[in-house]
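Tertiary structure, described
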2 protein chains.
Amino acid sequence: MKKRTFTVCPIVYALDIWGDPWSLVILRDVLIHNKRYYREFLASRENISTNILSARLLSLVEAGLLVKIEGETNRAQTMYRPTQKALDLLPVVFAIMHWGLKYNPNTDMGIPIMQELRTNEKGLAQRLLQNFDDITSE
Amino acid sequence: MKKRTFTVCPIVYALDIWGDPWSLVILRDVLIHNKRYYREFLASRENISTNILSARLLSLVEAGLLVKIEGETNRAQTMYRPTQKALDLLPVVFAIMHWGLKYNPNTDMGIPIMQELRTNEKGLAQRLLQNFDDITSE
DNA sequence: GTCAGTGCTTGCATTTTGCAAGTACAAACT
DNA sequence: AGTTTGTACTTGCAAAATGCAAGCACTGAC
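Residues numbered from 1 in each chain as written. Chains lettered and ligands numbered in written order. Predicted model: local features only at pLDDT ≥ 70, side-chain atom pairs only at ≥ 80, totals over all residues. Heavy atoms only, no water.

1. What to know about the overall build of chain A
Regarding its fold elements, chain A presents nine helices and two strands. For chain A, the N- to C-terminal ordering of α and β elements is α-α-α-α-β-β-α-α-α-α-α. Since a compact globule built from 138 residues should have a radius of gyration of about 14 Å, the 16 Å found for chain A is in line with a globular shape. In terms of principal-axis extent, the alpha carbons of chain A reach across some 40 × 40 × 35 Å. In chain A, which comprises 138 residues, the proportion classed as buried is 49%. (Helix = DSSP H or I, 4+ residues; strand = E, 2+ residues; numbered from the N terminus. Rg over C-alpha atoms; globule rule 2.2 N^0.38 Å. Buried < 20%, exposed > 50% of the residue type's maximum accessible area, 1.4 Å probe, protein only.)

2. Re the relation of the copies chain A and chain B
When chain A is fitted onto chain B, the two copies agree to an RMSD of 0.0 Å after a turn of 180° and an axial shift of 0.0 Å. Viewed as a symmetry operation, the transformation between the two copies matches a two-fold axis. Looking at the interface residues of chain A, 100% of them are also at the interface in chain B, so both copies use one shared face. (Least-squares fit on C-alpha atoms with pLDDT ≥ 70 in both. Contact = heavy atoms within 4.5 Å.)

3. As for the protein's contact with DNA strand C
Within the structure, DNA strand C sits among 20 residues, and A:Asn51, B:Met1, B:Lys2, B:Arg39 and B:Thr50 are positioned closest to it. A share of 58% of the atoms of DNA strand C within 4 Å of the protein falls on sugar and phosphate groups. A distance of 2.8 Å is found between a base nitrogen of DNA strand C and a side-chain nitrogen or oxygen belonging to A:Arg75. The side chain of B:Ser54 places a nitrogen or oxygen atom 3.3 Å from a phosphate oxygen of DNA strand C. For the surface near DNA strand C, the secondary-structure elements that each account for two or more residues are helix H4 (50–62) of chain A together with helix H3 (38–42) and helix H4 (50–62) of chain B. In terms of residue count, H4(A) provides more of the surface near DNA strand C than any other element does, four residues in total. (Near = heavy atom within 4 Å. Polar contact = N/O pair within 3.5 Å; in protein donor to acceptor, adjacent residues only side chain to side chain.)

4. Concerning the UniProt feature "domain: HTH hxlR-type" (unreviewed entry) in chain A
With numbering aligned to this structure, UniProt lists the feature "domain: HTH hxlR-type" (unreviewed entry) at residues 9–108 of chain A. In residues 9–108 of chain A, the share of helix is 54% and the share of strand is 8%. The end C-alpha atoms are 34 Å apart. (UniProt positions renumbered as here; feature names shortened; annotations may be inferred.)

5. Examining the protein's contact with DNA strand D
A:Met1, A:Arg39, A:Thr50, B:Asn51 and B:Arg75 are the nearest of the 21 residues found near DNA strand D. The share of sugar and phosphate among atoms of DNA strand D within 4 Å of the protein is 61%. Between a phosphate oxygen of DNA strand D and a side-chain N or O atom of A:Lys68, the distance comes to 3.3 Å. Of all the secondary structure elements, the ones that give two or more residues to the surface near DNA strand D are helix H3 (38–42) and H4 of chain A together with H4 of chain B. Here the element with the most residues in the surface near DNA strand D is H4(B); it accounts for four residues.

Next up, the structure:
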């Protein structure tokens, strides 16, 4: 889909920003697993390749979902952190997880968050958002 | 992303099924706007091209989200209807719409459902699901 | 019998993805 | 001091997906 800067549909707007097959994986890692470094995203089970990772990180920064925080001397300190716009995707991520939990027979219920999503979604959301107190307070 | 038949992550499972830029547009039309005919999907504002539409419809049928109901004599009677698996995506679609509503300044609030999504989401869901009583009752 | 409408398929240029390799730089080791 | 290791990328290229235009087979209407 070629990007439309103007769409009257909220769904198409959303898809234009993170509707490719990789952006949500990165956002999952940021929001749920509190990842922040390039090397951490690379280490995910999904084996994203380096060129796609850097392209997606750039487009998410441009879309205002992530902020790139560069280290003073060392590139290894560069971090990617979510904006409020990304934090507001948490309900979307949760809804998708509920659906996937219902229909994916291979879901690893050993992943920490899975049980809690079902039993205590609100508490889970609160705890995850605490990782970003600096963002939400500003 | 090449399809993984085995993924332990519910989000990746979901993305493998409808994580391309078009499937959710079709599902939006089915679930929200109660569309069912090829010509109706083609008529959407997003101008999906015919080859992509038929490819997506096929993959959604294969994934068990849609059912293709062919007419007896006339192809123009062919319908695509959602399964329960697709109906269960309604919360995902709603969550995405909430997010898009918040951040897309060009959202057309004249689209019937938009107001109601904010003021009476539960009632809206119930009403939309009534379009599929035949599916949910079986 | 022609014609418009419908549900597709086909061809082909353009774009995106996937994989492997390479580069530049900082810190750690020898 | 010099080499190795780790990290954050970029580059090159083949393969796949998308976008657009055209064509095709069939049906019902005029």
